[in-house]
Each structure stands twice: as C-alpha cells, then as structure tokens.
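What follows is the residue order along each chain.
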Amino acid sequence: MKALVLSGGSGTRLRPFSYSMPKQLIPVANTPVLVHVLRNIQQLGVKEIAVIVGDRGAEIEAAIGDGSRFGARVTYLRQDAPRGLADTVAVARDFLGDDDFVMYLGDIMLPDGIAEAAAEFTARRPAAQVLVHKVADPRAFGVVELGPDGQVQRLVEKPEHPRSDLALCGVYFFTSAVHEAVATIAPSPRGELEITDAVQWLLSHGADVRAHEYDGYWRDTGRVEDVLECNRHLLDRAVRSVSGTVDEDSELVGEVVVEQGARIVRSRITGPVIVGAGSVVRDSRLGPYTSVGRDCVVTASRLEDSIALDGSSVTGIDGLRHSLIGRSASVGAVREDGDHVRLVVGDHTQVEVAA
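Bear in mind the structure is a predicted one, so any value in this text is a computation, not a measurement.

What is the right way to read the overall build of the protein from this model?
Along its length, the protein carries 9 helices and 32 strands. Split into buried and exposed, the 355 residues of the protein put 54% on the buried side. Counting every atom, the protein has about 15500 Å² of accessible surface; 45% of that belongs to carbon and sulfur.

Structural data, given as structure tokens:
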C-alpha cells in the first residue's frame, strides 16, 4: 500500500497564521499536524508516500524532509491550483500506479490511528473504503448512508436534511479502480473534482464501497478553536519528563514535559504542559493545557489553555487564556487588574495590552 497525503490547502480559516506558514505545520502539543498524520501512516508500514503541495511546498518539504524519520520515502507532487481532492489522485497517477493506497487529508487529527481501518481494507479489498465518524449535526459534512449489510449506498455533501449521522473523516482507502472514476467525473458546480463524486461513480457502476466507523478522537484543525481543542486532547496523554533545568524555587505539578535546554526559573507549572527546547519560563505560572514551543520566553506571566509558537515571547500578562501566539511574536502588558485576556496573534507581531 502507498499513501497520498494532501497538504496543498490555503487554510483561510486559520488566518493570520496561514499567511506565514502552511496550515498543516501548525503545531499541536508542539508537533506539526502533518507530522502526526505521517506518524499514523508509518504505523501502517507504508514505505512510499506522496505529499501533494501547493504554493507552500518548499516550507512543507523543509519541515518533513525525505521521509526517512518515518521509515518511508516521501515524494512531493505539486497541484498547481485548488482543483479538488479527486484531482490530486490524477496528479499522483504515475506515483500510485496500480497499487492500493490510502488518501489522507494533511490537516486532520486522528490520534488513535487508522491501523484498524487499514487492516479491514486489506482483508476485504473493496474498491473504496471511507472513514466515517458519528456527529451530532451532519449538515456541515459529507454524509455517508449505509445499507443493512454495511455497504455504502450514497454519499451526500452537506445535506439540509441528512438521513445519516456518519460524516466523512478525511481518510479514504482505494484500489486502482478509483482511477477510472477520477478520469470520468466532471467538475462540481464550484469547479473542482470532488472525491465524493468519484466514490459515488464507483457505487453507480456496481463497485463494492465500504465504510469503517472510527470511534476515536477526530478533529479538523481548520480553526484556532479546533487547534486549541486538539492541544488539550493530546496534552491529556502527556507523560512527565524533565530533560531541561528546573531551579529549586520552581514547582512542577502533574504531567509536565520540560524539553532539553529549557529552563524553569521561580515558576509554577501545572500540567499537562509542554515547554519546548531552549525556552525560558521565569517568574510565571503555566497551565494547565499549555504548549510553549522552542526558544520562547515567558516572563512574569500566567498562561492557561494556550499555545505559544516557536520564538515567541510573553511578558507581564497575568491571565492569558485560550490564546494562540504566533512564531516570533511578542506580547507585553502593563496591567493593574486581574482580568483574563484572549489573544490570537500572528507571526512576527508585537502586541501591547494595557489596563
């Protein structure tokens, strides 16, 4: 089996961060979303991975490299315009050949992995198998309707009156049968080749299409709120580890990770929290549910349920919650009250908050 990972989206809902970095590289628990994706694929034993990129391909390639750390070889393929998910299959046609493959959106979090779904696909080998998840309100998703035997009967994109609560998760398994479908379907009203149309074409031509219900944690990281929620979920799995320096006037409570080269000075850290390599936390309180990236500086501040990206600094803010601070951003404050603030600050930005 090969893998096709889609990382060409522009991430408009994650602005301002997606102006300066691909959305797939936004870190969750100090690890880019795309790395979480590739680790899941690694668990399947896949050795050949194609990553579809757009205009930000050089940044993604610099972050991921040749794939050797994932036990695979990564090939980068460029989609010159957002022509739809099915179009990426056409872009990767030569790479895929006649092999089975998993197609995986590069901005979704499935921390429980997809090994069970992959094993089911390998055992049954339907023409297509889609990963689905039960949701409370299916109207915002592609919805899958199943027959009594578990076969997919119909796919409906964002139905006004859904007849199923099973939403597409962004992971698809295919045999080579999908290539004929992709070559045959026409662009949708929005001008793109939809992967749901390709799967529906297979259904209409008598192919076996199955669904695997994923009952683990699933989140699309398309918004700041989603990134923070994913960060909380992954930090709940953190295991205490202290490789950096913690002075005698500091206190670590619970599951706290202090990476090598990080320093904690006269501070209280309440886990789950990660403090990245080279960062300095001084006269501050962190946590719970806070990730501090590499080479950050947090001074005389209190952060909770927040993410500070690499190289950022926070000074003099006593009560920062539910916030995302961009790379090399600087946030400072002179405050006289104890109010909490929420900030979404883009990369390389300086912000002063006064009260």
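Structure shown, so let's carry the discussion forward.
Whenever I open this one, the pattern of salt bridges confuses me. Can you help?
The final tally for this structure, using the stated rule, is 23 salt bridges. A salt bridge links Arg125 to Asp100; the nearest nitrogen and oxygen atoms lie 2.9 Å apart. With Arg125 in the loop between helix 6 (115–124) and strand 8 (128–134) and Asp100 in the loop between helix 5 (93–96) and strand 6 (101–105), this residue pair connects regions lying 25 residues apart in the sequence. The salt bridge partner of Arg163 is Glu145, with a shortest N-O separation of 3.4 Å. Pair noted here: Arg163 is in the loop between strand 10 (152–157) and strand 11 (166–174) and Glu145 is in strand 9 (residues 142–146), with a separation of 18 residues, a long-range link. A single network of salt bridges, built from pairs that share partners, joins Arg219, Arg223, Asp226, Glu229, Arg232 and Asp305.

Please explain the environment of Ala118 as it appears in this structure.
With respect to the secondary-structure elements, Ala118 resides in helix 6. Taking the C-alpha atoms as reference points, Ala118 and Leu44, 74 residues apart in sequence, are found 7.3 Å from one another. Beyond its immediate chain neighbours, meaning those up to four positions away, Ala118 contacts Leu44 and Phe173.

Help me out: how do you make sense of the nonpolar core in this one?
Soluble, globular proteins show a tendency: their nonpolar side chains are buried together. One finds Leu4 and Ile49 to be the most contacted residues of the largest nonpolar core, which totals 71 residues. If you tally residues by element for this core, the top one is strand 11, at 8 residues. Setting aside residues up to four positions removed in sequence, Leu4 forms contacts with Ala50, Ile52, Thr88, Val89, Ala92, Leu96, Phe101, Val102, Met103 and Tyr104. Val292, Leu303, Val314 and Ala329 belong to the second largest nonpolar core, which has 21 residues in total.

Explanation requested: the environment of Leu146 in the structure shown.
Mapped onto the elements, Leu146 comes out in strand 9. Taking the relative accessible area as the measure of exposure, Leu146 reaches 34% and is therefore partly exposed. Between the alpha carbons of Leu146 and Leu166 there is a distance of 8.9 Å; along the sequence they are 20 residues apart. Non-local contacts of Leu146, meaning those with residues more than four positions away in its chain, are made with Gln151, Val152, Gln153, Leu166 and Ala211.

Here is what the cut-offs are and how they apply
- Residues numbered from 1 in each chain as written.
- Predicted model: local features only at pLDDT ≥ 70, side-chain atom pairs only at ≥ 80, totals over all residues.
- Heavy atoms only, no water.
- Helix = DSSP H or I, 4+ residues; strand = E, 2+ residues; numbered from the N terminus.
- Buried < 20%, exposed > 50% of the residue type's maximum accessible area, 1.4 Å probe, protein only.
- Areas by Shrake-Rupley, 256 points an atom, 1.4 Å probe, with all protein chains shown as cover.
- Salt bridge = Lys/Arg side-chain N within 4 Å of Asp/Glu carboxyl O.
- Contact = heavy atoms within 4.5 Å.
- Core = buried A, V, L, I, M, F, W, Y, C linked by side-chain atoms within 4.5 Å.

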